[in-house]
Amino acid sequence: MSQQTKKGHFPWKHIIGFLISIALTLVAFATALWTDWSSSTIFIIILIFAVIQAALQLVMFMHMTEGEDGGLISGNTLFGFFIAVVIIVGTYWLMTSGHMHMSM
Amino acid sequence: MDLKWNEFIITGDPLILGAQISILLGSIAVVAALTYFKKWTWLWKEWLTSVDHKKLGIMYILSALLMLFRGGIDGLMIRTQLAKPGMEFLDPQHYNEVFSTHGVIMILFMAMPFLIGLINYIVPLQIGARDVAFPYLNNLSFWTFFVGMALFNISFIIGGSPDAGWTAYTPLATNEFSPGPGQNYYLLAIQIAGIGTLMTGINFFVTILKMRTKGMTLMKMSMFTWTTLITMLIIIFAFPVLTVALALQTFDRLFGSVIFTLQGDGNPMLWVNLFWVWGHPEVYIVILPAFGIFSEIISTFARKQLFAYKAMVVSIVTISVLSFLVWVHHFFTMGNSAEANSFFSITTMAISIPTGVKIFNWLFTMYRGRISFTTPMLWALAFIPNFVIGGVTGVMLAMAAADYQYHNTYFLVSHFHYVLISGTVFACFAGLIYWYPKMFGHKLNEKIGKWAFWIFIIGFNVCFFPQYFLGLDGMPRRISTYTEADGWTGLNFISTIGAFMMGLAFLIFVVNIVYSWRFSPREKTGDAWGLGRNLEWATSSSIPPHYNFAVLPEVTGLDPYWDMKEKGLDQQKNVDYKPIHMPNNAATPIIMSVIMGAAAFGLVFHWYWIGIVGGIGIFITMIARSFDYNDGYYVSVEEIKETEAKANK
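Residues numbered from 1 in each chain as written. Chains lettered and ligands numbered in written order. Predicted model: local features only at pLDDT ≥ 70, side-chain atom pairs only at ≥ 80, totals over all residues. Heavy atoms only, no water.

(A) Quick peek at the pattern of salt bridges. Residues and elements named next belong to chain B. Here the structure, examined in full by the defined rule, presents nine salt bridges over all chains. For Asp52, the salt bridge goes to Lys54, with nearest N and O atoms at 3.3 Å. Across the pair, exposure class does not vary: Asp52 and Lys54 are buried alike. The salt bridge partner of Arg625 is Asp628, with a shortest N-O separation of 3.4 Å. Looking at Arg625, the relative accessible area reads 31%, which means it is partly exposed. You can call Asp628 partly exposed: its relative accessible area is 36%. (Salt bridge = Lys/Arg side-chain N within 4 Å of Asp/Glu carboxyl O. Buried < 20%, exposed > 50% of the residue type's maximum accessible area, 1.4 Å probe, protein only.)

(B) Fine view of the interface of chain B and chain A. In this assembly, 26 residues from chain B lie in contact with 21 residues from chain A. Summing both partners gives a buried area of about 1900 Å² for chain B against chain A, and 79% of it is carried by carbon and sulfur. Looking at the side of chain B that touches chain A, the elements that each hand over two or more residues are helix 7 (182-210), helix 8 (223-255), helix 9 (268-301), helix 10 (309-322) and helix 11 (338-350) of chain B. (Contact = heavy atoms within 4.5 Å. Buried area = accessible area lost by both parts, 1.4 Å probe. Helix = DSSP H or I, 4+ residues; strand = E, 2+ residues; numbered from the N terminus.)

(C) Main features of the environment of B:Gly103. All names here are of chain B. Secondary-structure assignment places Gly103 in helix 5 (residues 92-126). What makes Gly103 buried here is its relative accessible area of 14%. Distance in space between the C-alpha atoms of Gly103 and Gly71 is 7.8 Å, their sequence separation being 32 residues.

(D) Seen up close, the nonpolar core. Residue and element names in this part refer to chain B. Counting 201 residues, the largest nonpolar core has Phe109, Tyr186, Phe426 and Phe456 as its most contacted members. With 20 residues, helix 9 is the single largest residue contributor to this core. Non-local contacts of Phe456, meaning those with residues more than four positions away in its chain, are made with Trp379, Ile421, Val425, Phe426, Phe429, Met502 and Ala505. Judged by nonpolar contacts, the second largest core, of 13 residues, contains Ile78, Tyr95, Tyr410 and Met475. (Core = buried A, V, L, I, M, F, W, Y, C linked by side-chain atoms within 4.5 Å.)

(E) Spatial organisation of the packing of aromatic side chains. Residue and element names in this part refer to chain B. Overall, the coordinates contain 64 aromatic pairs over all chains when judged by the stated rule. Ring geometry for Phe251 against Phe255: centres 5.6 Å apart, planes inclined by 55°, an arrangement best described as tilted. Of this pair, Phe251 and Phe255 both sit in helix 8, separated by four residues, roughly a single helical turn. Residue Phe251 is classed as partly exposed on the basis of its relative accessible area, which comes to 42%. Ring geometry for Phe291 and Phe383: centres 6.2 Å apart, planes at 55°, overall tilted. Of this pair, Phe291 sits in helix 9 while Phe383 sits in helix 13 (residues 375-398), placing them 92 residues apart in sequence. Judged by relative accessible area, which is 1%, Phe291 ranks as buried. Its end group placed over the ring of Trp47, Lys55 keeps NZ or CZ at 5.6 Å from the ring centre. Its guanidinium or amino end placed over the ring of Trp562, Arg533 lies 4.4 Å from that ring's centre, counting from NZ or CZ. (Phe/Tyr/Trp six-rings, centres within 6.5 Å; stacked < 30°, edge-to-face > 60°. Lys NZ or Arg CZ within 6 Å of the ring centre and 35° of its normal.)

(F) Just the packing of helix 4 (residues 53-82) of chain B against helix 15 (residues 410-440) of chain B, in detail. Residue and element names in this part refer to chain B. The geometry of helix 4 relative to helix 15 is characterised by a closest axis approach of 13 Å and an angle of 150° between their N-to-C directions. The interaxial crossing formed by helix 4 with helix 15 has left-handed handedness. In contact with Ile58, Ile61, Leu65, Leu68, Arg79 and Leu82 of helix 4, helix 15 contributes Tyr410, Phe429, Leu432, Met439 and Phe440. For the contact of helix 4 with helix 15, a count of residues per class yields ten nonpolar, no polar and one charged. (Axes fitted to C-alpha atoms, helices over the stretch in contact; angles between N-to-C directions. Left-handed = near helix turned anticlockwise from the far one by under 90°. Nonpolar A, V, L, I, M, F, W, Y, C, P; charged D, E, K, R; others polar.)

What follows is the structure in structure tokens.
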């Protein structure tokens, strides 16, 4: 339960988060269904929407930034995200450039 | 896998036969002694199923000392084989196995458990806690580590050891080039131990964040606690990569997938990449706690607060980020693009900046301090110049273009021994001697300790300094022999003498443990050195009672115990005791881990039915654990009063 609902306020945060989530899903859906872009472009667009939506859910619904440990949890999540990006992008870079590119 | 009996148990080598016989006799002696003195129940109740962080810490350290012995013997065998050209002490196959196990054991089964043991014992005390956040998990961590270690160690007498180096590079480590069970041992043993390490990472990360005593904000934590926190963060992010990489190679070897193989669409270089994505942060996992230990010791024996505490914190946090950005420097020569090599070259050099900051901070901590030259302080003092030599040669190796010359030579071998021994091993010795009275209630003999220290550091430099020049002379690593014409004889012989000096120093250290156990005076207070600064010294007796603190201490600043002594406060003498909640012992972790070990042992030999039965067994123990509603017990006020009265006598 968020603090807002405890105090009896209307849960605006959840409603807004819910609406944005639906919008993001619909846009991603539309991109895949009604555009004739190349499939890799569509993949990238969907991926970006997915990451935005995941972040949205963590912040809006799952109280990541709230409470006494909010800052810590957010910081660690961002650090984890950073490490994941470094590992994936770094590995992709290494495996597709240089001599390795020629041998593959 | 069709194995003949004589292929299952390794036969035909006198060295291995000797080891088999001594292991057999040793096991019989231990079992006989335990039965004769009726100690089985004691062992089970007081140690094997204990969730007390202090006992687990001691068990970690004992295992690590055992592994230091085993890995050290491996090292001495390598140096004996290389002492003179054309030696026939080890054949090339045996030599490959010995250097592979030497590397794995020293990093994963010696350095890590040694540091985790010290962390286990000291960190909960330093943050003023009564145990870790998840005591059950702590016991499970220990047993998975122990079973992984045992599985790895039996490889040399049953089935054959891994022989593809500690890095197990594919395609060499694939079935095609390394048939037989050795490499399977490597994969499964490290996998099991790695699970334990990951759990330790989560456990201590949560412990430090959530269980600090009243008043201890993050910026009031001791430096050892800080380095532990950051180490655990690195473990949490680095070890999953190892888990995945090992699992993929296991699939390749056991189930015929083609991920890292030369056949099919396999890419052997991906293994190298993934291994070092984990492997480089791993280096910082074993060095950061060492930095913490030296910080504690230097500030204690210089009688000064650590210089530039904030800069220290910032530099370890920076190191934790940079440690994930440098992994390619382990394989500059693999054929990466020039852009990639340049990028990782620069990040690698950048990491020497926060490390340099720390070196200066230690020097400034000692500046104008009144230094006591105790044995732990000597180890800490020796660390600084030796580590700088290792660090400077590291910056030389960081230059990608120059690395094409140094790569895979003894220059590299010497570099990483300089950083790992003078960093981690010195810290393990220093930390163990420094906290020894906390663990066992008496100090180690200073005189014998100083002998061990001097012989070790002289031996260390005699062993590894010549190897820089051997490397520059072109001697490659991992060769089992060389010829007179190569011109490496003299330096190799000197190096071997140094190795045996280190072996002698280790023996003296062990003698010191036995001697001090018999003759050292017993400590009467919690502050054995009289100079303690942090809360681990604030306990009422020299070995803390099992609940650590009768009353949880309150903290107002850095070096809280020093403050208390200055102000003449003894918070532990407060008489208003309350019952203390403590966790119960647990038997499932050891059972679960042993089943894991048995299942993995089956998989090593492709006996899948053992793996399947073992897998079911693991699930059964997990289910048993989830129906375990035991939530601990209370230590009564009477018992606390009695214990504290005894301690304050």
